[in-house]
Amino acid sequence: MTATPSTPRLFEREVETAAARRALDALRGPRHTGGVIVYRGEAGVGKTALLARVEAAARATCTVRTARSGESTTHQPFHLVRQLLGRPLDGLPLAAPRTRRAMTVAGPALGLAAPTAGPADPQGVRDALDTLLAELARTRLTTPDGPRPLLLVADDAHWADAESLTWLASCADRLAELPVLLVVAHRPEELADGPPASAHLRRLARAARLHVTLQTLSPEATGDLVHGALGDPADAVFCHEVWAVTSGNPYETVELLAKCSARALPPTEASAPVLRELADTARGSGLVARLRELDPECHLLAWSAAVLGTDFTVQDAADLAGLTLEQTRPRVRSLRAARVLAEAADGTDPDDPSAPLDFQHPLVGTAVYRSVPPTTRTALHGRAARRLTRSGHGPAAISRHLLETHPDDDHEAVRLLRDAAAEHLAVGAPEAARRCLERALQEPPHAHERARVQFELGCACLLSSPATTVHHLRTALELPGLTEQLRIEATLRLAQALAHGNEMAAAAHCVAGAAATTRPGFQRLRLLAAGFMYEAFLAEEDDGSVRSEQLTLLADTLPGTDNAERALLTLRAFDAMLRGEDAERIAELCDRALTDGHLAPGLGWTDTEWGFEIPALLGITLAYVDRLDEAEELFGNALRTFEIDGWSGAHLAFAHVLCGAVERRRGRLVEAESYLREGLRLAERVTGRATVQWDAVCLLLDTLLARGHVEQARRLADDYAFGPPYPDALILPDARSVRARLLLALGRTKDARAELEATARSMTRRGRRNVLWSPWEFDLAELLADEEPARAAALVAGARRGAEAFGTRTATGEALRRAAALAPPDRARALLTGAVRELAASPSAYEEALARQDLAEATGDLTQAGRALNLAETCGADTLADRARATLAARPDA
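Below is a summary of the structure that appears in this document. In this text the structure is predicted, and so the values were computed from the model without any measurement. (Residues numbered from 1 in each chain as written. Predicted model: local features only at pLDDT ≥ 70, side-chain atom pairs only at ≥ 80, totals over all residues. Heavy atoms only, no water.)

Quick look at the packing of aromatic side chains now. Counted by the stated rule, this structure contains 11 aromatic pairs. Look at Phe642 and Trp647: their rings are 5.9 Å apart centre to centre, the planes differ by 15°, and that puts the pair in the stacked class. Residue Trp647 is classed as buried on the basis of its relative accessible area, which comes to 16%. Within the aromatic cluster, the residues linked to one another by ring pairs are Trp605, Phe635, Phe642 and Trp647. Taking the ring centre of Tyr369 as reference, the NZ or CZ of Arg377 above it sits at 5.0 Å. Over the ring of Trp610 we find Arg526, and its NZ or CZ is 5.6 Å from the ring centre. (Phe/Tyr/Trp six-rings, centres within 6.5 Å; stacked < 30°, edge-to-face > 60°. Buried < 20%, exposed > 50% of the residue type's maximum accessible area, 1.4 Å probe, protein only. Lys NZ or Arg CZ within 6 Å of the ring centre and 35° of its normal.)

By definition, the strands of a sheet pair up through backbone hydrogen bonds, in either a parallel or an antiparallel sense. Spatially, β2-β3-β4-β1-β5 is the arrangement adopted by the 5 strands of the open sheet, whose pairing is parallel. What marks the edges here is a single partner per strand, and that holds for β2 (63-68) and β5 (210-213). Taken over all neighbouring pairs, the strand axes of this sheet differ in orientation by 10° on average, direction set aside. Here strand β1 (residues 35-40) runs beside strand β4 (residues 180-186); their pairing, made up of 6 bridges, is parallel. Bridge pairing in β4 places Gly35 opposite Leu181. Those strands touched by helix α3 (residues 79-90) are β2 and β3 (150-155), and its axis lies near 155° from that of β2. Its contacts with the sheet place helix α5 (residues 122-140) against β2, β3 and β4, and it is angled at close to 130° to β3. (Pairing = 2+ DSSP bridges. Helix = DSSP H or I, 4+ residues; strand = E, 2+ residues; numbered from the N terminus. Axes fitted to C-alpha atoms, helices over the stretch in contact; angles between N-to-C directions. Contact = heavy atoms within 4.5 Å.)

Moving on, we come to empty space enclosed by the protein. The final tally for this structure, using the stated rule, is 3 cavities of 30 Å³ or more. Roughly 180 Å³ of internal volume is contained in the largest cavity. If you trace the largest cavity, you find 18 residues lining it, with Gly70, Glu71, Gly309, Gly365 and Thr366 closest to the centre. Tallying contributions element by element places helix α16 (residues 362-371) first for the lining of the largest cavity, with 4 residues. Along the lines of polarity and charge, the residues of the lining of the largest cavity split into 5 nonpolar, 8 polar and 5 charged. The computed volume of the second largest cavity comes to approximately 60 Å³. Lining the second largest cavity are Leu578, Met763, Arg768, Arg769, Asn770, Val771, Trp773, Ser774, Trp776 and Glu777. Looking at side-chain class alone, the lining of the second largest cavity contains 5 nonpolar, 2 polar and 3 charged residues. (1 Å grid on protein atoms, 1.4 Å probe; cavity = no way out; pocket = protein on both sides within 12 Å on 5 of 7 lines; lining within 4 Å. Points joined across faces, edges and corners; volume = space filled by probe spheres on them. Nonpolar A, V, L, I, M, F, W, Y, C, P; charged D, E, K, R; others polar.)

So, on to helix α37 (residues 776-784). Across the 9 residues that make up α37, a large majority, 7, are buried. All of the buried residues in α37 are Trp776, Glu777, Phe778, Asp779, Leu780, Ala781 and Leu784. On its buried side, α37 packs onto α35 (735-745), α36 (749-766), α38 (789-806) and α39 (809-820).

Structure below.
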């Protein structure tokens, strides 16, 4: 990359420019390899100049998009992303369904589409941005003029809004696979807006093919710069003094030399003593003092420009300063001459009121903004907010300025901030919504509105901080002013936040207390259903049998005429399934919870009134009563719905886990593992160790053990610390039972027995007897067979009775198979014959394969071994397939 008139020479940046050239060559090469470059350095060290060099080198052969953040736009959601992607995505073809879905989800964040009703999932928005970026990059490779890969340049990323920075950091690792080169420049992380921003900048650095900290210029390079600016007569003492007073900072050096040139200062030793005074005017207070030498209108215009921040015009600055265009134009020229404002871009009429304005350097803009007296700055932000309101801008754009004003008992400001919060939530920016609502509370709102604002604030914090949500919602419920409907909504949201924070007992207590004071009717049933749901989710419960009896009395006779009744029927069916009640009765309860075999309107996966838990519990219940086709359809719809609506966080992770659970029940172990690993990957993106991660790990361990991949299962359990203490929430399937089976497979029988004894106490106390959910009785019986044969026999007998009472083919057949392991040979053969008969009529291919192989080993029946082998290979049960092959190999003549 060589210097041109528009890209002046860079000093001591040979390594950086060479690396950028290689990255551009790779981007433009046959493979169009992208990636990330990060330039880090103090203010004025030359990051912007280096970025300009990269841009200039790429424009002829690449699609280049540039963006710059500013101190005044840090809290403007997706500001940086809109600069980078908004315009090129505006005309992107939306032929592919996936691209259309992505635009629906991310279009509002980019300012290209109106937001849909309700909050957007931030992770879903980031995933949609990934899809749109990939599609944009693909289309740029097929332009009529030939391939033009994508160069994205982000300057001053230390000021970037959190939403944009989070997305850039999350997609950085994948850019090497796309024809996209991202070049980022930022100041040291300690200047970034808090620890999250620093973490995102570090993540970008880890993903970068080049990450370099730019150094200041050496005395020799400073001397070359002096000679280039002032001519060869510059002597060594003068050059060294320039370096000394600027510390080799390129920006300060250029500014100092510009002042020397303007004063016609001879570059000699005699002039050296005045350099320090001149240099002081290029930075901080000196720059502000220089600004004060201009007339007051210049001063006011510069302040107005600083308040506007970025992306403003001559007209915008004039309006905010209260000046006419005739007053503004000469002052713009004065500010440009003083090197406060940048010169007009080539080809732009400097007197055009729509011409863009910018500061000479971000340092100048920051210094000017910080020099504005606090009262004046507040007044200018207030004036900017009113101006945007009059010109028809939306609340989200206005809120940036309202956040900088002082509380003034302005109820119109409260309305605008609440509306802005709703807009921010709708584009996937809950943190921005939180800031607006916190500021609205300071205004303050009318007394009768305060509880409503506090409620909205709690809802805004739900995805990012359940603990904060709990505080705000409890405060809202303590204040007067909430209608009965809002009070119930606040209670349900509070319970949801408590549950997300792994406080399941508190969630249940919360809604139970509200139900006790709510008059009979639909809303009371909603609260009761929520209470039963959170109690069902408890891993441990002292009065589980009492709760089950209450639920039975309440739900068994309900016809399912509304969603409250359907929710209660679902909870009753799920509880009955865990307790091992009659499967036909459970299936009938599920049928009443459905409408013509489908979820009723309002009970869908993304309907917020009831949440996704009710359809999830319904599908899990159907899966365990051998109605796997219906469960598969239900969970497949969940997957599609979450993907279409952009719910890419814990919801999408859980949908994959549920699909994996159905495949595991069918015995399609390879497919189950695929779903579960994807669910686990998605769960890892959720802040904190969410319950869905426990579910994913537990089911994946169960699947790996079924496949015979014990070592993989051990590593998984170690990686995720799968073991006590377990969460308060119920895990799918029973976590202790799965861990006990892993311990048995590893030969740790003493630890396995301790885990199984704990499981026995827990399951007995709660009255849960489903042998498919938790086969602890059979596992413990096998351990006790030699030492305590009587207890082992009693455990097996009890488990068989429970399986027969439940009555599904899978449960009955599996109970017969497990009982055979502890029976005398003749009795074992009869039990296994019965197990094969039951399991062959069930949808559970893996359990059928186990039974056939056990029967082959007990009887020498090679037909059964052959069928076991076929089933095991289809299921992906590798160890079981090896057992079947060994049985067949032992009789080569058969």
